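Descriptive structure summary
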Amino acid sequence: MPQSLSNILLHVVFSTKHRQPWIDVEIEAELAPYVATFCKTLNCPSHAIGCADDHIHIGCTLSRTITVSKLVQELKQDSSKWLKTKGEKYADFAWQNGYGAFSIGQSQLDDLRGYIANQRRQHHAISFQEEFRLICEKYGVSLDERFAWD
């Protein structure tokens, strides 16, 4: 077959360093479109982006020409640099070292979009750590908490 095709859908999650509450509603309104545009430049179009004060969720399609780790590295690096241009308040901004990236099926995409859209509301009830534990459990990923939080 001379043509290479793929449809790899990802749910990517990572937090701010030490889960500092850097991402308020105002900066999220700029950050989400910025991340969406950056995803598009990597040929990894986003389907949903949502934040809580201390983390971000990205639903996107993984390009067949980039690895998951390279996608996340580029996203974190570029968005961190961009955030630091948003004023002195963000001078020390940093993302955590790690991330979670989970594959989903096409039939799960609408549910993921809804989940990501409700981040602020759901985090009135649970912390990022609690949510991440639940996500790992849902996707069948073992979480070693000695290395999960920085």
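Up top you'll find the structure we're talking about.
Report on the accompanying structure. (Residues numbered from 1 in each chain as written. Predicted model: local features only at pLDDT ≥ 70, side-chain atom pairs only at ≥ 80, totals over all residues. Heavy atoms only, no water.)

**Regarding the nonpolar core**
Leu31, Val35, Ile56, Ile58, Leu71, Leu83 and Trp95 are the most contacted members of the largest nonpolar core, which has 28 residues in total. Those elements that place two or more of their residues in this core are strand E1 (8–15), helix H1 (25–41), strand E2 (46–52), strand E3 (55–62) and helix H2 (68–84). It is H1 that provides the largest number of residues to this core, a total of six residues. Setting aside its immediate chain neighbours within four residues, Ile56 contacts Val12, Val13, Phe14, Leu31, Val35, Ile49, Gly50, Cys51 and Trp95. (Core = buried A, V, L, I, M, F, W, Y, C linked by side-chain atoms within 4.5 Å. Buried < 20%, exposed > 50% of the residue type's maximum accessible area, 1.4 Å probe, protein only. Helix = DSSP H or I, 4+ residues; strand = E, 2+ residues; numbered from the N terminus. Contact = heavy atoms within 4.5 Å.)

**With respect to the pattern of salt bridges**
Evaluated as defined, the whole model comprises six salt bridges. Across the salt bridge formed by Glu28 and Arg120, the nearest N and O atoms sit 2.8 Å from each other. Linking Glu28 in helix H1 with Arg120 in helix H4 (residues 119–122), this pair joins segments that are 92 residues apart in sequence. The partner of Glu30 in a salt bridge is Lys86, and the shortest N-O contact between them spans 2.8 Å. Here Glu30, found in helix H1, pairs with Lys86, found in the loop between H2 and strand E4 (100–104); they are 56 residues apart in sequence, far enough to count as distant. A relative accessible area of 34% places Lys86 in the partly exposed class. Where salt bridges share partners, they join Glu28, Asp53 and Arg120 into one cluster. (Salt bridge = Lys/Arg side-chain N within 4 Å of Asp/Glu carboxyl O.)

**Regarding H1**
Because an α-helix completes one turn every 3.6 residues, residues spaced three or four positions apart along the sequence face the same direction. Between its first and last C-alpha, H1 extends 25 Å over 17 residues, near the 24 Å set by a 1.5 Å rise per residue. Buried residues of H1: Ile27, Glu28, Leu31, Ala32, Val35, Phe38 and Cys39, and no others. Packing partners of the buried residues in H1 comprise E2, E3, H2 and H4. Note on H1: the residue one or two positions beyond its end, Asn43, has a positive phi of about 60°. (Expected span 1.5 Å × (residues − 1).)

**A look at the sheet that holds E3**
The antiparallel open sheet is built from four strands, whose spatial order is E2-E3-E1-E4. Since the sheet does not close on itself, it has two edges, and those belong to E2 and E4, each with one partner. When strand polarity is set aside, the average angle formed by the axes of neighbouring strands in this sheet is 15°. In the sheet, E2 pairs with E3 via six bridges, with the strands oriented antiparallel. Bridge pairing in E3 places Cys51 opposite Ile56. Against the sheet, H2 touches E1, E3 and E4, its axis set at about 45° to E1. (Pairing = 2+ DSSP bridges. Axes fitted to C-alpha atoms, helices over the stretch in contact; angles between N-to-C directions.)

**Remarks on the side chain of Gln119**
Within the secondary structure, Gln119 sits in helix H4. You can call Gln119 buried: its relative accessible area is 1%. For Gln119, the side chain forms a polar contact with the side chain of His57, separated by 2.8 Å. Setting aside residues no more than four positions away along its own chain, Gln119 makes contact with Gly50, Cys51, Ala52, His55, His57 and Glu131. (Polar contact = N/O pair within 3.5 Å; in protein donor to acceptor, adjacent residues only side chain to side chain.)

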